[in-house]
Amino acid sequence: MKLSAPELRLLRLQGQHLLAPAPREAVLADLCGLQAQLYPCALHGLRLRSGELPAALPAVRTWTLRGTLHLIREADLPLLIHRRGAPEEVCAFETYAFLCAHGRPLPPERAVFFAQTVYDALAAGPQTREDLRQLCRQRGMTPAEEAHVFHAWGGVIRQLSEMGLICGTAEKDRRYRRCGDFVPLPRTDARRLLLERYLRHYGPASLADMAYFFRWPQRELKALPAELPAEQHQMEGETLFSLGLSVPARPLPPCQLLAGFDPLMLGYEKRRSCFLPPEYLRGIFNLTGMVFPALLIQGVTAGRWKLQPKALQLTAFRQLNAREREAVREEADRLFPGLAIELEQA
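Every value quoted in this text rests on a predicted model; they were computed, and no experiment measured them. (Residues numbered from 1 in each chain as written. Predicted model: local features only at pLDDT ≥ 70, side-chain atom pairs only at ≥ 80, totals over all residues. Heavy atoms only, no water.)

Student: I'd love a proper account of empty space enclosed by the protein, names of residues and values included.
Tutor: Across all of its chains, the model carries 1 cavity of 30 Å³ or more by this definition. Empty space within the largest cavity amounts to approximately 40 Å³. Secondary structure elements with two or more residues in the lining of the largest cavity: strand 1 (34–35) and helix 14 (263–266). Looking at side-chain class alone, the lining of the largest cavity contains 9 nonpolar, 3 polar and 1 charged residues. (1 Å grid on protein atoms, 1.4 Å probe; cavity = no way out; pocket = protein on both sides within 12 Å on 5 of 7 lines; lining within 4 Å. Points joined across faces, edges and corners; volume = space filled by probe spheres on them. Helix = DSSP H or I, 4+ residues; strand = E, 2+ residues; numbered from the N terminus. Nonpolar A, V, L, I, M, F, W, Y, C, P; charged D, E, K, R; others polar.)

Following this line, the structure appears as structure tokens:
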């Protein structure tokens, strides 16, 4: 089946629940979680796809795909955590070795001591990162040890999270708690299920897109679409794969204000994304790892936006016509009623 660029955009927007709202739990499951190192970005991405958010979410935050912090359903921990450990095994996991190799050494016996200290403390209930830091200081943690144990990239909290022992709560105060008991799925089964979700909700997508999203080698991916089996599409000489999709009979949305680190930006090889013209790449993906909130006009990036205390600042990468400016204002008013709108055009 041959696809046009507008049809491809519609299929991907539909799969990612950006054409019609879906239950929050379905969004988190279908999209394999939402990247959440900037928690308000994850909340905005979820709100776009499911409507208004409650005060509490049936979700947790932990390090999963691409080694990044994600907001996920707790029920998906067995799918996304491939190996569980115990605090005394902390030195066998990658994050410990990475920090030691990158200027933050910590003797194994001290790593185990602080991992056990944090894990034991959470038996009494959720605690903040600062609570845990103060406890470790009371237990003799030196400044040099603290540089590893509470490293900005996660430290011992990340180590225990990647071991499937603790997770962050879906709250603004960044508390952590113990995970419930679970048995990780075998890696092969987990990858198959994750790829099935991806092809249903990110597809149609190429092998390069899949490798970019999961950070799996393409050679390991080549056989998987055929095993599912996936449908094939052709666009500009490239083979794309999907599962159970049909092009919706509707126009592309006039305007959408995506979240920072939105799955629509992270789901596809960024230099070949149908949503992101190459000339605007660095306007969304900067060289320090930020992925800014994109302003879409009919499914194509035309700028970015930033929420300020009293105003919504929008920066267009090109001149917008009167109809497009009106669409931007309508969407801004819908999402952020009462805020002043500041639109700067290239």
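Student: Account for the nonpolar core, naming residues and giving values.
Tutor: Among the nonpolar cores identified, the biggest contains 89 residues, and Leu71, Leu195, Tyr198, Leu199, Leu257 and Met265 are the most heavily contacted of them. Setting aside anything within four residues of it in sequence, one finds Met265 in contact with Leu258, Phe275, Leu276, Ile284, Phe285, Val291, Ala294, Leu296 and Thr301. Grouped together as the second largest cluster of nonpolar side chains are 26 residues, Leu69, Ala111, Val149 and Leu160 included. (Core = buried A, V, L, I, M, F, W, Y, C linked by side-chain atoms within 4.5 Å. Buried < 20%, exposed > 50% of the residue type's maximum accessible area, 1.4 Å probe, protein only. Contact = heavy atoms within 4.5 Å.)

Student: Give me the pairing of strand 5 (residues 166–169): which residues, what numbers.
Tutor: Across 2 bridges, strand 2 (residues 60–63) lies against strand 5 in antiparallel orientation. In the strand pairing of strand 5, Arg61 is matched with Gly168. Where strand 5 lies against strand 6 (residues 175–178), 3 bridges are found, and the strand directions are antiparallel. Within strand 6, the position partnered with Ile166 by the bridge is Arg178. (Pairing = 2+ DSSP bridges.)

Student: Lay out the environment of Glu130 with the relevant residues and their values.
Tutor: Its location among the elements puts Glu130 in helix 7 (residues 129–138). Using a relative accessible area of 38% as the deciding quantity, one classes Glu130 as partly exposed. Separated by 44 residues in the primary sequence, Glu130 and Arg174 have C-alpha atoms spaced 9.6 Å apart. Looking at Glu130, its side chain comes within polar contact range of the side chain of Gln134, at 2.8 Å. (Polar contact = N/O pair within 3.5 Å; in protein donor to acceptor, adjacent residues only side chain to side chain.)

Read these as spatial facts, not as claims about activity.
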